[in-house]
Structures are given as structure tokens and as C-alpha cells.
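# Close look at the chain arrangement
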Amino acid sequence: MKKLFFGGDIITMEKENDVAEAVLVENGQIKKVGSLAELQSSMTDPTIEKVDLQGKTLLPGFIDPHGHLAMMGPVSQMADLSKCESFDDIISTFKLYMEEKGVEKGDIFVGFSYDHNFLVEEKHPTKEILNQVSTENPIFAFHASGHVGCTNDAGLQLAGIDESTPDEEGGVIGRVEGTREPNGYLEEGSLLAMQQTLFQDTKMDIVELATIGQEIYTKNGITTVQDGATSNDYIEMFKYLAEQGNLKVDVVAYPLVVENPDAMAKNEKYAKKYHKRFKIGGYKLFLDGSPQGKTAWMTEPYEGEETYRGYAWYKDEQVKKYISRAIKDDVQLLTHSNGDAASDQLLQNYEAALEESDNPNKANLRPVMIHCQTVRNDQLDKMAELAMIPSIFIPHTYYWGDVHLKNLGHERGSRISPAKSAFDRGLVVNFHQDPPVVQPDMLETIWCAVNRITRKGVHIGPEECVSVYDAIRAVTINAAYAYFEEDQKGSIKEGKLADFVVLDQNPFKVDPIKIKDLQVLETIKEGESIYSAESVLSE
């Protein structure tokens, strides 16, 4: 199959201001990029399908550098708590959801994306609130960050959590004041006791759920997707989907090094290479929580606190052991690090593990710091020394920028997601949304990086704004680099895969404040359309 794309703005992302008039695709690869004059023979060849862009814009397909594809389908079936403004809203949303689903004995009902920062009560609901939804069925509400949540008495009983249950390492069980009685609130490690059961509680089959998840990404122009912290069950799911030909996009999984350090060895067919669009890229490690949930581990106390700085998940010797395992196995390590104390822990232990390692390839593993919310300039300098990649959760500037100013104070809060500082140091920066925490809207993400405006309209840390070109680089060629795929993806170049996104307008030509309003019209994977807003192109 041959196709010729022409008639619009074709942005190659090979370098700034690099454009082309036409692109010839053959058998899923880019055969030729050039002017219409250079490709004139293709215009008259009847065996080549002509795709007139009609003035629209063609870009390399967007690449998701960090997210949780396996969770997208299940979350889409949960009660949507994102619009709740009070405890009463949470109760009524759950009740309506249960009425729509039908209630049977033993059914678990899960909601996602409440945010205490935006509730009138300005605190997390507890079991007393969720008991008003049901005293018989387990009810669980996930915070928007995914790092904390709450459940009712039936949920506590399901998880086996009572007065005698200790806090998990790197976690907290909320207690009724003055007692050991659980109040239903769970943080970090203590939340994990319930999480796997909750996300697998669905009556839909895995193919249907995977289809829903992939569709969320493809409608946003994304052609390569990550599943971070992949369990053994989900690895088996992706292998099944791959073998059945049900993966529309390339999927890169990162199992937890703490729980699943043998995943690479047990799945050699998929280890660091694609087989039918699925590969296992390396390991994932968590070091702390979220700044908006005040569980991120900081070097200085949160604003208004005398000593509380969040907390670590693991001790230094454990972190070094996990890092050493990844380096020994010659694989990439993605490390969740939101607070600057967690970033210190990662950088110090990664450097120490590198020095002790005898792996001759240890300098070429491209480790990634995930989120980088409060990373300091001295830490960015150290990342450059270690060839570590910053994957920045840039939509925080919009979604929680006002919260960070409150929780961290003006100086630290304004510097959240310091993208410009990272680019200025020559780091290969990429941007992510951590779906399902935030939807994988790449155009909104680019807008966030370029404008840095909060929900309340505050220009937060304008000195950290980046150019439109750098913002798009972060979700194309730089994101491809994080997967060791820059020779195959991320720009429109001869020999690379024909992974494209078609936009209704050119992001370089519109007012930067309007970038988030642009529309994805079509997503193309290896020359074939995998999403179309409608028939937007003539053929």
C-alpha cells in the first residue's frame, strides 16, 4: 500500500521550521519527504493513493511517555467524581451510578477523580460519608492523583483492614482521632492493598476494555502508549491482545522492579523489543506520592506545617538495591519522583549504583525521572551528568497550579514543572499526563507548557514557559528518545514509521493561547488510519 500526503502544512520536527510539501508512504514506512516537484511522479502514479490534506496540518504522531493504559478502560467504567464539589455530590454521584449499574450483593462500586482541594469541605471523605452510599456493598473513591482514596466499612472489611492492621511501608491508614480504628482514608502503600481487586472488578471483557482505553489515546493523536507499573496479570493481558492482533497502537510496559523483577527474563519475546506492537521497556519504581495530596517527599515542610514534609516509600539501601537490579539487568528504570527529597534519593542512589556496577553499557540506559514536579536546578544539573531523562507532568501547572501555590508557597509553587530550566540544560525533556490522572490530551499539554496558566487564571512561573517547538518536541521526538525509538518515530523522516497526526490548524500559526482548542482530525499508525473525527480528508 502506497499513499501520498500533500496539500497542507507538513511539519517534520526534524529541526525547527522544517517543513515539507509532500510525504510518500509505502508499507507503513516513510519512503520520501520533499517538495511536490520532487514527488511529481507519485502524483500521477495510479497505484498510489492520494491524500489531500485540504490545508490541514500533518505532524509526527504524538507519543505518550508515561501513563497507565491498562487502567483507562476500567476507569472509564467507574463513577466519575471529577465534577463533585462536596461530600453530598460524591454521595449522589455514587447513588446514581449504582442505580444505573444495578446493585447485587457483593458488588464493588468504585469512583475516580474526586479532589479534596476543590471540595467545599476541603478535606477527604471518610467511611462515615461513604457509608451513606451503602453499608452492604464496598464503596471506594479514588483521589484524582491516584495516590490516596477512601472506602466505607464494607470496603475496609473486604481489604481486611481493622484496628490491628499496621500502616504499610510508605503508606498511611487514616484513623478515627484518638483511636486505632480505621476511618476509611488510605494513602500510598496502604492503598495498594485494595487496588488490584478494585481495578479488576468489571463485567466487561479485556478486549472491550482495551479497545476503550486505546480509543481514548488515538482520538488525541497518540500512536505509542505506555503502561507504567504493569502487573503480571496485565502483562499477560497485553500479550494476549498482541497475539490476537488487538493492539492498534504500540504499547510499552514497565513492571514494578520491587514486585516483578523477573518480568524481563520471563518474557524474552517482548523484552526491549516489540512483538506485535507490545514490548516491555524496563522497570518502574515509586519513591513518594503527590504534591497536591501532600504525600510527595519534600526537603522543606509544606506551607503552614512545622515539620511535615511528606514521606519516602523506601529506605536508601532498598532504593539502591532496586536501581542496581535494573542496571545489572541492563534495562531502563522509570522512577516516580515528585518531591525534591525523593529526587535527591533517586539521584544519589543512581549515581552510587552506577559507580559500583560493572555493566559496560551502564551509561546508555536512559533512566527516567517521572513527574519532576519540584526538581531543583542543582538536581537538573545532576540529571545532565547522569544522562537521566526528565519526564515532566506539565499539566500540573493548570490543574493544580493554584494548589501548589497554596501548599508550597509562592517561590516553590511557581517553579512547579520547571520545563524551561530542564531544556536549557540540554536535557531530553518529555511531557506526560499520567493518564488516567489527567486525560491524554497532547494539545492541552502543549498549551500548558507554552502558557503556564492555572485554573484561576494565574500565570504561574512564566519564566519556565517553553516555545511551541520545544513543547511539541517533548511529545514527539524527545518522547521517542525515551523509548530508544528516535530512529523509528518522533519525526517525519525517510525510513521512519508512518505514524502521523492530522490537526485542523497549524499550532505554529495560531495564537499560543488557542493551542488547546485545536482539533485532532485523524490519527495514522504505520500509514493506516486508526482514528478519524469524520471524513475530514479527501482521498
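Residues numbered from 1 in each chain as written. Predicted model: local features only at pLDDT ≥ 70, side-chain atom pairs only at ≥ 80, totals over all residues. Heavy atoms only, no water.

Next up on the list: the nonpolar core. Within the largest apolar cluster, 89 residues are counted, with the highest numbers of intra-cluster contacts made by Phe 62, Phe 278, Tyr 350, Phe 431 and Ile 446. Here Ile 446 is in contact with Phe 62, Ala 471, Ile 472, Val 475 and Ile 515, once residues within four sequence places are set aside. Counting 20 residues, the second largest nonpolar core, distinct from the first, contains Tyr 114, Ile 129, Val 133 and Tyr 185. (Core = buried A, V, L, I, M, F, W, Y, C linked by side-chain atoms within 4.5 Å. Buried < 20%, exposed > 50% of the residue type's maximum accessible area, 1.4 Å probe, protein only. Contact = heavy atoms within 4.5 Å.)

Here we take up the pattern of salt bridges. Per the counting criterion, the structure on display carries 31 salt bridges. What you see here is one network of salt bridges that share partners, running through Asp 250, Arg 277, Lys 279, Glu 485, Lys 489, Asp 499, Lys 525 and Glu 526. (Salt bridge = Lys/Arg side-chain N within 4 Å of Asp/Glu carboxyl O.)

Now for the sheet that holds strand 18 (residues 368–371). Pairing within the open sheet is parallel, and its five strands lie in the order 16-17-18-19-20. Both outer strands of the open sheet, strand 16 (282–286) and strand 20 (430–431), are each paired with one neighbouring strand and no more. Bridging between strand 18 and strand 19 (residues 389–392) involves four bridges; their strand directions are parallel. Of the residues in strand 19, the one forming a bridge with Val 368 is Ile 389. Lying on the sheet, helix 10 (residues 316–328) is in contact with strand 16 and strand 17 (332–337); it crosses strand 16 at an angle near 170°. The strands touched by helix 11 (residues 340–356) are strand 17 and strand 18; relative to strand 17, the strand with the most contacts, the crossing angle is about 155°. (Pairing = 2+ DSSP bridges. Helix = DSSP H or I, 4+ residues; strand = E, 2+ residues; numbered from the N terminus. Axes fitted to C-alpha atoms, helices over the stretch in contact; angles between N-to-C directions.)

Detailed reading of the predicted coordinates is not advisable wherever pLDDT is low. Summing up the model confidence of the protein chain, the mean pLDDT is 94 and the portion of residues at 70 or higher is 97%. Note that pLDDT drops below 50 for residues 535–539; the model gives that stretch 15 contacts with residues more than four away or on any other chain. (pLDDT = per-residue confidence, 0-100.)

Turning next to empty space enclosed by the protein. With the rule as written, the count across this model stands at two cavities of 30 Å³ or more. Forming the walls of the largest cavity are Ser 145, His 147, Ser 290, Pro 291, Gln 292, Asn 338, His 371, Phe 393, His 396, Asp 434 and Val 437. Taken as a whole, the second largest cavity encloses approximately 30 Å³ of empty space. Lining the second largest cavity are Tyr 350, Leu 354, Lys 362, Ala 363, Asn 364, Leu 365, Arg 366, Pro 367, Leu 386 and Ala 387. Split into classes, the residues belonging to the lining of the second largest cavity amount to seven nonpolar, one polar and two charged. (1 Å grid on protein atoms, 1.4 Å probe; cavity = no way out; pocket = protein on both sides within 12 Å on 5 of 7 lines; lining within 4 Å. Points joined across faces, edges and corners; volume = space filled by probe spheres on them. Nonpolar A, V, L, I, M, F, W, Y, C, P; charged D, E, K, R; others polar.)

Turning our attention to the packing of helix 10 against helix 11. Close contact between helix 10 and helix 11 brings their axes to 9 Å; oriented N to C, the two are set at 50°. Taken together, the axes of helix 10 and helix 11 lie oblique to each other. Relative to helix 11, the crossing made by helix 10 is right-handed. Within the contact between the two elements, helix 10 uses Asp 316, Val 319, Lys 320, Ile 323, Ser 324 and Ile 327 and helix 11 uses Gln 345, Leu 346, Asn 349, Tyr 350, Ala 352, Ala 353, Leu 354 and Glu 356. In terms of residue class, the contact of helix 10 with helix 11 is made up of eight nonpolar, three polar and three charged. (Parallel < 35°, antiparallel > 145°, perpendicular 65-115°, else oblique. Left-handed = near helix turned anticlockwise from the far one by under 90°.)

With that settled, the discussion passes to the pairing of strand 10 (residues 148–151). Burial of strand 10 is two-sided: the residues Val 148 and Cys 150 facing one way and the residues Gly 149 and Thr 151 facing the other way are all buried. Of the pairings in the sheet, the one linking strand 9 (residues 139–143) to strand 10 comprises three bridges and is antiparallel in character. Paired with Phe 140 across the two strands is Thr 151, which belongs to strand 10. The loop that links strand 9 with its antiparallel partner strand 10 comprises four residues; one of these, Gly 146, has a positive phi angle of about 80°. Where strand 10 meets strand 12 (residues 182–188), three bridges bridge the pair, whose relative direction is antiparallel.

Looking now at the environment of His 147. You can see His 147 is positioned in the loop between strand 9 and strand 10. For His 147, a relative accessible area of 9% puts it in the buried group. Discounting chain neighbours no more than four positions away, the residues touching His 147 are Leu 186, Glu 187, Glu 188, Leu 191, Phe 286, Asp 288, Gly 289, Ser 290 and His 336. Separated by 2.8 Å, the side chains of His 147 and Glu 188 make a polar contact. (Polar contact = N/O pair within 3.5 Å; in protein donor to acceptor, adjacent residues only side chain to side chain.)

Along its 17 residues, helix 11 runs 24 Å from first to last C-alpha, staying within 8% of the 24 Å computed at 1.5 Å per residue. Taking burial as the measure, the 17 residues of helix 11 include twelve buried ones, the bulk of the element. Listed in full, the buried residues belonging to helix 11 are Asp 340, Ala 341, Ala 342, Ser 343, Asp 344, Gln 345, Leu 346, Leu 347, Asn 349, Tyr 350, Ala 353 and Leu 354. On its buried face, helix 11 sits against helix 10, strand 17, strand 18 and helix 12 (377–386). (Expected span 1.5 Å × (residues − 1).)

It is worth spelling out the sheet that holds strand 6 (residues 62–63) at this point. The strand order 6-13-14-15 describes an open sheet built from four strands, whose pairing is parallel. The outermost strands of the open sheet, each flanked by one partner alone, are strand 6 and strand 15 (278–280). Two elements, strand 6 and strand 13 (residues 222–228), share two bridges in a ladder whose sense is parallel. Residue pairing in the sheet places Ile 63 in a bridge with Thr 224 of strand 13. Sitting on the sheet, helix 8 (residues 232–243) is in contact with strand 13, strand 14 (250–254) and strand 15, with an inclination near 150° to strand 15.

This part covers the state of the cysteines. This structure, assessed with the given rule, holds zero disulfides. Free cysteine Cys 150: the closest other cysteine sulfur is in Cys 84, separated by 11 Å. Classification of Cys 150 as buried rests on a relative accessible area of 0%. Looking at the unpaired Cys 448, the closest cysteine sulfur is the one in Cys 465, lying at 11 Å. (Disulfide = S-S within 2.5 Å.)

Where a strand is regular, its side chains alternate between the two sheet faces. Among the five residues in strand 9, five count as buried, and that is most of the element. Burial along strand 9 is two-sided: the face carrying Ile 139, Ala 141 and His 143 and the face carrying Phe 140 and Phe 142 are both buried. Pairing of strand 8 (residues 109–114) with strand 9 involves five bridges; the strand directions are parallel. In the strand pairing of strand 9, Gly 111 is matched with Ala 141.

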